[in-house]
Amino acid sequence: MTTTEPAILIENLTKRYGSGPTAVDALKGVDMSIAPGEVVGLIGPSGSGKTTLLKCLGAVIEPTSGRFTLAGEEIYDSAWKRTDLRALRRDRIGFVFQAPYLIPFLDATDNVALLPMLAGVKNPVARATALDMLTALDVQHRSHARIPELSGGEQQRVAIARALANKPPIILADEPTAPLDSERALAVVKIHNRLAQDFRTAIIVVTHDEKIMPTFKRIFNIRDGKTYEEPGEGRQI
Amino acid sequence: MINLAHRDVANHLGRYLVTGFGLGLLIGVTLTMAGVYRRMVSSGGDPMVFITLKDAQEAQFLKDNESIVNDRNRLADNPAANPPGQPGVLEAVEALQTASHRVNAVLIRVKEGHDPRQVADGIERWKHLTAYTSADMEDILVAKLIATAARQIALFLIILAIVSAAIVAFIIYTMTLGKIKEIAVLKLIGTRDRTIAAMIMQEALGLGVIGFFVGKFAATLWTPVFPKHVLLETNDAMGAFVVTLVICALASVLAIRAALRIDPAEAIGG
């Protein structure tokens, strides 16, 4: 991957649910290009197509048409270019959710090491990688703590570390700050910005959160299945 | 002669006191105990006590005081048993009626080199005698008495196993349905189906292991106060453990099927 190549490039992506007169066009030609290390916001009212776009980018539902390139690798062009979408998600796409959804009976290190291990990395190497990620997120001192022993903020950071474990070119964050107060929400955004720079990972943050909106340099507003790019304030935290 | 191991008495003093009280009422204080043996029970599972042959005969054939008095009066009134001028006759007849020479069974130990079957066949040539070898006795006990009880217990076990499997299946299924979002996330981040299935099965097996050891501990703890002696041998316990695990593994199938049907897309969005 070269630095000039976008982390994610979407061209005229469409998604139609159903067929015939009852068909619904959830995406009507979405275009998007995000550079490595960039953090962008994806906003829009309910039913605008945000979740559908996220599911298409997350390779869990198949678009109807268009193109989708991930760090130079063509993923979709009117059909999936890979047969094993599970491996694609595991190796090339990171996910962060509103809740951490970690495995409660594993410790923080094992939760993060799970992804490399699923990709076939040996246990000691996967654990070493996990520890690096936890260090990058300043939770290495809690590496042996089981999930219920961690605070909400620590759990969220472990979840971000898990998303980064296989060093994906893109992370999809689905309302990551929704349940947090202003201070904690901005802290999460700060972490996203730092990690995006450090790991050259593009992060798409789907949000309704007005608190973090000013922190994005670019915002994609999705309305009626189409994206409209808007400049953000890019406020430093 | 009293033959009680000190340890047994110490461990089961309460039971011996209760049993001893019952025996006392039954056979009186004149009998001599030949021994009480640990884990020696009748075919019905009731505890056994060993007494001398003389006392056993007395316990079985000795009449109560009222009967003796009535018999004495009846004999005294009978001129054939109490001829006038011959008091010795009445005493002889009374002695004959209160004593018994009858023996129900005799235990024979055959010397080495002799075939028990041949010895038994030889005895059976005598009229009114039946001889059983150890194998015959075992067959009577196992094939008749124990087999019937075993069939009854097996029926209970099968019903219990089905009910247990249903309970485990219900618990695991409910737990799985409560984790739909978590499972969807695991699938979304690339976890293989067999890994998710293994996690659910581990949960079910864990439930089985905990249940088994709690049950075994409780059984061991409560066996002494159980009305009948229950003997759970190591091999049986291991077999029960394996059966428990198999039941739990089978019970998890429903939950695994439900988990594998979860769509990873459910992890994204509301």
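In this convention, every chain numbers its residues from 1, walking through the sequence in written order. Lettering for chains starts from A, numbering for ligands starts from 1, and both go in the order in which the items are written. Side-chain atom pairs in this predicted model are given and counted only at pLDDT of 80 or more, local residue features only at pLDDT of at least 70, and totals for whole chains, interfaces and linings cover all residues.

**Q** So what about the overall build of chain B? Which residues, and what values?
**A** Helix numbers and strand numbers start at the N terminus; a helix is a DSSP run of H or I with at least 4 residues, a strand a run of E with at least 2. If you tally the helices and strands in chain B, you get 11 helices and two strands. Residues counted as buried form 11% of the 270 residues belonging to chain B. A pair of residues counts as a contact when their C-beta atoms, built from backbone coordinates, are within 7 Å of each other. Look at the contacts in chain B between residues 6 or more apart in sequence, and 67% of them connect residues 24 or more apart. Three exposure classes are used, all based on how many other C-beta atoms lie within 10 Å of a residue's own C-beta (placed from the backbone): buried at 20 or more, exposed at 12 or fewer, and partly exposed between those limits.

**Q** I'd love a proper account of the overall build of chain A, names of residues and values included.
**A** Within chain A one finds six helices and 10 strands. Expressed as a percentage of its 237 residues, the buried residues of chain A come to 49%. Nonlocal contacts in chain A, meaning residues at least 24 apart in sequence, comprise 70% of its contacts between residues at least 6 apart.

**Q** Give me the lowdown on the nonpolar core, citing residues and values where you can.
**A** The nonpolar core is taken to be a set of buried Ala, Val, Leu, Ile, Met, Phe, Trp, Tyr and Cys residues joined by way of C-beta atoms within 7 Å. The biggest cluster of nonpolar side chains holds 93 residues, and the ones touching the most others in it are A:V112, A:L134, A:V158, A:A161, A:I170, A:L172 and A:I204. Those residues within four positions of A:I204 in sequence are excluded, and the remaining contacts are A:I34, A:V40, A:L42, A:I170, A:L172 and A:A173.

**Q** Before we move on, could you go through the interface of chain B and chain A and cite the residues and values that matter?
**A** Across the boundary between the two partners, chain B contributes 13 residues, which contact 16 residues of chain A. Charged residues are taken to be Asp, Glu, Lys and Arg, nonpolar residues to be Ala, Val, Leu, Ile, Met, Phe, Trp, Tyr, Cys and Pro, and polar residues to be all remaining types, Gly included. Taken together, the residues of the side of chain B that touches chain A sort by class into seven nonpolar, three polar and three charged.

**Q** Lay out the sheet that holds strand β9 (residues 218–223) of chain A in plain terms, naming residues and giving numbers.
**A** Residues and elements named next belong to chain A. Taken together, six strands build an open sheet; the order of strands is β6-β7-β8-β3-β9-β10 and the sheet is mixed. A strand with exactly one partner marks an edge of an open sheet, and here the two such strands are β6 (93–96) and β10 (226–231). If you compare each strand with its neighbour and ignore which way they point, the axes differ by 20° on average. The rule for pairing is simple: two strands pair if DSSP sees at least two bridges between them. With four bridges connecting them, strand β3 (residues 39–43) and β9 associate as parallel partners. Considered in β9, the bridge of I43 is made with N221. Here, axes are lines fitted to C-alpha atoms. For helices the fit covers the stretch in contact, and angles between N-to-C directions go from 0 to 180 degrees. Against the sheet, helix α5 (residues 152–164) touches β6 and β7 (170–174), its axis set at about 170° to β6.

**Q** Tell me about the sheet that holds strand β5 (residues 73–77) of chain A, and name the residues and values.
**A** What links the strands of a sheet is backbone hydrogen bonding, and the strands pair in either a parallel or an antiparallel sense. Residue and element names in this part refer to chain A. Taken in spatial order, the four strands of this open sheet run β2-β1-β4-β5, and their pairing is antiparallel. Both edges of this open sheet fall to β2 (24–34) and β5, since each of them pairs with a single strand only. Averaged over all neighbouring strand pairs, the angle between strand axes comes to 20°, with direction disregarded. In this structure, strand β1 (residues 8–17) lies alongside strand β4 (residues 65–70), joined through five bridges in antiparallel fashion. Across the sheet, the residue bridging to T14 is S65, located in β4.

**Q** If you had to explain the packing of helix α7 (residues 134–177) of chain B against helix α10 (residues 234–251) of chain B to someone new, which residues and values would you point to?
**A** Residues and elements named next belong to chain B. Where α7 meets α10, the closest approach of the two axes is 8 Å, and the angle between their N-to-C directions is 45°. As the angle between them shows, α7 and α10 are arranged oblique. Where α7 crosses over α10, the two elements pack in a sense that is right-handed. Across the interface between the two elements, A161, S164, A165, V168, A169 and I172 from α7 touch I247, C248, L250 and A251 from α10. Any angle from 65 to 115 degrees is called roughly perpendicular, while one under 35 is roughly parallel, one over 145 is roughly antiparallel, and all others are oblique. Each crossing is labelled by how the near helix is turned from the far one, with a counterclockwise turn of less than a right angle marking it left-handed and a clockwise turn marking it right-handed.

**Q** I'd like a description of the confidence of the model for chain B, backed by residues and values.
**A** Detailed reading of the predicted coordinates is not advisable wherever pLDDT falls low. All names here are of chain B. For every residue, the predictor states its confidence as a pLDDT score lying anywhere from 0 to 100. When the pLDDT values of chain B are averaged, the result is 81; 80% of them are 70 or greater. Here helix α1 (residues 6–11) is the element of chain B with the lowest mean pLDDT, 49, and helix α11 (residues 253–260) is the one with the highest, 95. Of the regions scoring below 50 in pLDDT, residues 1–9 engages in nine contacts with residues more than four places distant in sequence or in other chains. With pTM at 0.69, the complex prediction returns an ipTM value of 0.87.

**Q** Pulling in residues and values, what's your account of the packing of helix α3 (residues 108–118) of chain A against α5(A)?
**A** Residue and element names in this part refer to chain A. The N-to-C vectors of α3 and α5 enclose an angle of 25°; their axes lie 7 Å apart at closest approach. It follows that α3 is roughly parallel to α5 by the angle criterion. Seen along the crossing, α3 lies across α5 with a hand that is right-handed. Along its contact with α3, which presents A108, N111, V112 and L115, the element α5 presents V158, A161 and R162. Its residues assigned to classes, the contact of α3 with α5 comprises five nonpolar, one polar and one charged.

**Q** Describe the environment of B:V209, naming the residues involved and giving the relevant values.
**A** Residue and element names in this part refer to chain B. With respect to the helices and strands, the residue V209 is situated in helix α9 (residues 193–222). Given 14 C-beta atoms within 10 Å, V209 falls into the partly exposed group. The spacing of V209 and V242 is 33 residues in sequence and 9.7 Å in space, taken between C-alpha atoms.

**Q** I'd like a rundown of the pairing of strand β8 (residues 202–206) of chain A, residues and numbers included.
**A** Residues and elements named next belong to chain A. The element β8 is extensively covered by neighbouring structure, given that five of its five residues are classed as buried. Of the two faces of β8, the one holding A202, I204 and V206 and the one holding I203 and V205 are both buried throughout. Pairing geometry for β3 and β8, over four bridges, is parallel. Residue V39 lies in a different strand from β8, and its bridge partner there is I203. Direction of pairing for β7 relative to β8: parallel, over a ladder of five bridges. Pairing of L172 across the sheet is with I204, part of β8. By convention, orient the strands away from the viewer: a clockwise path from the first strand over the helix to the second makes the crossover right-handed. Of the crossover connections in this fold, the one passing from β7 over helix α6 (residues 182–199) to the parallel β8 is right-handed.

**Q** Please give an account of the environment of A:L186 that cites residues and values.
**A** Residues and elements named next belong to chain A. Examined against the element boundaries, L186 turns out to sit in helix α6. L186 gets classed as partly exposed once you count the C-beta atoms within 10 Å, which come to 18. Counting along the chain gives 25 residues from L186 to K211, while the straight-line C-alpha distance between them is 7.6 Å. Apart from the residues lying within four places of it in its own chain, the contact partners of L186 are K211, I212 and I237.

**Q** Talk me through the environment of A:F97; I want residue IDs and the actual numbers.
**A** In this fold, A:F97 is placed in the loop between β6 and α3. Taking the number of C-beta atoms within 10 Å as the measure of exposure, A:F97 has 21 and is therefore buried. A:F97 sits 81 residues away from A:A178 along the chain, and the two C-alpha atoms are 9.6 Å apart. Sequence-distant contacts of A:F97, that is, excluding residues within four places in its chain, are made with A:D174, B:V185 and B:A267.

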